[in-house]
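Residues per chain, in single letters:
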Amino acid sequence: MDPRAYDAPYRSARTPPPPRRPGVVALSAVLWLLTSLSASWLCALVGVTVLWGAAAGAPVGSFLLSCSTVLCGGAGMLVAVCRAPTVRRMSGDMRSLLLGALACPVPLVLASATWFSAG
């Protein structure tokens, strides 16, 4: 007797994955690219500011603490949205697009403002 024959009626049904949408994937990739570029610009700017401040002998601990607090708060909010039941039920493409749309505006605006004000 084949043991797989007994298990067949009690297994969960396998549903095929939803079709991939190339437009959604491309838009999601662009949003995450903009987010990562702007966040890396902000990290580089904070690093240079801390380095110059430390070389000048200025206290930089409170500045680093505030930057890390903002970063951890934003990451925590993004993880909280990602763990929401309605978001977890979304397809991977749509989930990535939603999280990219939520993550993109704040670092992009901050990076643009610092780019034009700092030169």
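1. Digging into the overall build of the chain
Thinking step 1. Scanning the chain from terminus to terminus reveals six helices and zero strands.
Thinking step 2. Reading the secondary structure of the chain in the N-to-C direction produces α-α-α-α-α-α.
Thinking step 3. In terms of overall size, the chain is more extended than a compact globule, its C-alpha atoms giving a radius of gyration of 22 Å where 119 residues would be expected to give roughly 14 Å.
Thinking step 4. Referenced to the eigenvectors of the C-alpha coordinate spread, the extents of the chain come out at roughly 80 × 30 × 25 Å.
Thinking step 5. Counting over 119 residues, the chain shows a buried share of 16%.

2. Quick notes on a nonpolar patch on the surface
Thinking step 1. Among the surface-exposed residues, V48, L51 and W52 lie close enough to one another that they form a single nonpolar patch of about 350 Å² accessible area.
Thinking step 2. Looking at the element boundaries, L51 is found in helix α2 (residues 22-56).

3. Side note on the environment of G92
Thinking step 1. On the secondary structure map, G92 appears in helix α5 (residues 92-103).
Thinking step 2. Taking relative accessible area as the criterion, G92 reaches 47% and is therefore assigned partly exposed.
Thinking step 3. The sequence separation of G92 and W115 amounts to 23 residues, and the corresponding C-alpha distance is 33 Å.

4. Concerning the side chain of T35
Thinking step 1. Residue position: T35 is located in helix α2.
Thinking step 2. A polar atom in the side chain of T35 sits 2.8 Å from the backbone oxygen of L31.
Thinking step 3. Not counting residues up to four positions away in its chain, the partners in contact with T35 are G100, A103, C104 and P107.

5. Quick notes on the side chain of D93
Thinking step 1. Relative to the helices and strands, D93 is located in helix α5.
Thinking step 2. Sequence-distant contacts of D93, defined by excluding residues within four places in its chain, comprise P19, R20, R21, V24 and V25.

6. Some remarks on α2
Thinking step 1. With 35 residues, α2 should reach 51 Å at 1.5 Å per residue; the first-to-last C-alpha distance of 51 Å fits that figure.
Thinking step 2. Every buried residue of α2 is listed here: V24, S28, L31, T35, S38, L42, V50 and G53.
Thinking step 3. On its buried side, α2 packs onto α3 (61-82), α5 and α6 (105-118).

7. Considering the packing of α5 against α6
Thinking step 1. Across the interface, α5 lies against α6 with an axial gap of 5 Å and an inter-helix angle of 35°. Between α5, through A101, L102 and A103, and α6, the contact on the second element is made entirely by P105, V106 and P107.
Thinking step 2. Taken together, the residues of the contact of α5 with α6 break down into six nonpolar, no polar and no charged.

Calculation criteria
Residues numbered from 1 in each chain as written. Predicted model: local features only at pLDDT ≥ 70, side-chain atom pairs only at ≥ 80, totals over all residues. Heavy atoms only, no water. Helix = DSSP H or I, 4+ residues; strand = E, 2+ residues; numbered from the N terminus. Rg over C-alpha atoms; globule rule 2.2 N^0.38 Å. Buried < 20%, exposed > 50% of the residue type's maximum accessible area, 1.4 Å probe, protein only. Patch = residues over 30% accessible without salt bridge, like charges linked within 9 Å, V, L, I, M, F, W, Y side chains within 5 Å. Areas by Shrake-Rupley, 256 points an atom, 1.4 Å probe, with all protein chains shown as cover. Salt bridge = Lys/Arg side-chain N within 4 Å of Asp/Glu carboxyl O. Polar contact = N/O pair within 3.5 Å; in protein donor to acceptor, adjacent residues only side chain to side chain. Contact = heavy atoms within 4.5 Å. Expected span 1.5 Å × (residues − 1). Axes fitted to C-alpha atoms, helices over the stretch in contact; angles between N-to-C directions. Nonpolar A, V, L, I, M, F, W, Y, C, P; charged D, E, K, R; others polar.

Everything listed here is a matter of coordinates, which is why it stays silent on function.
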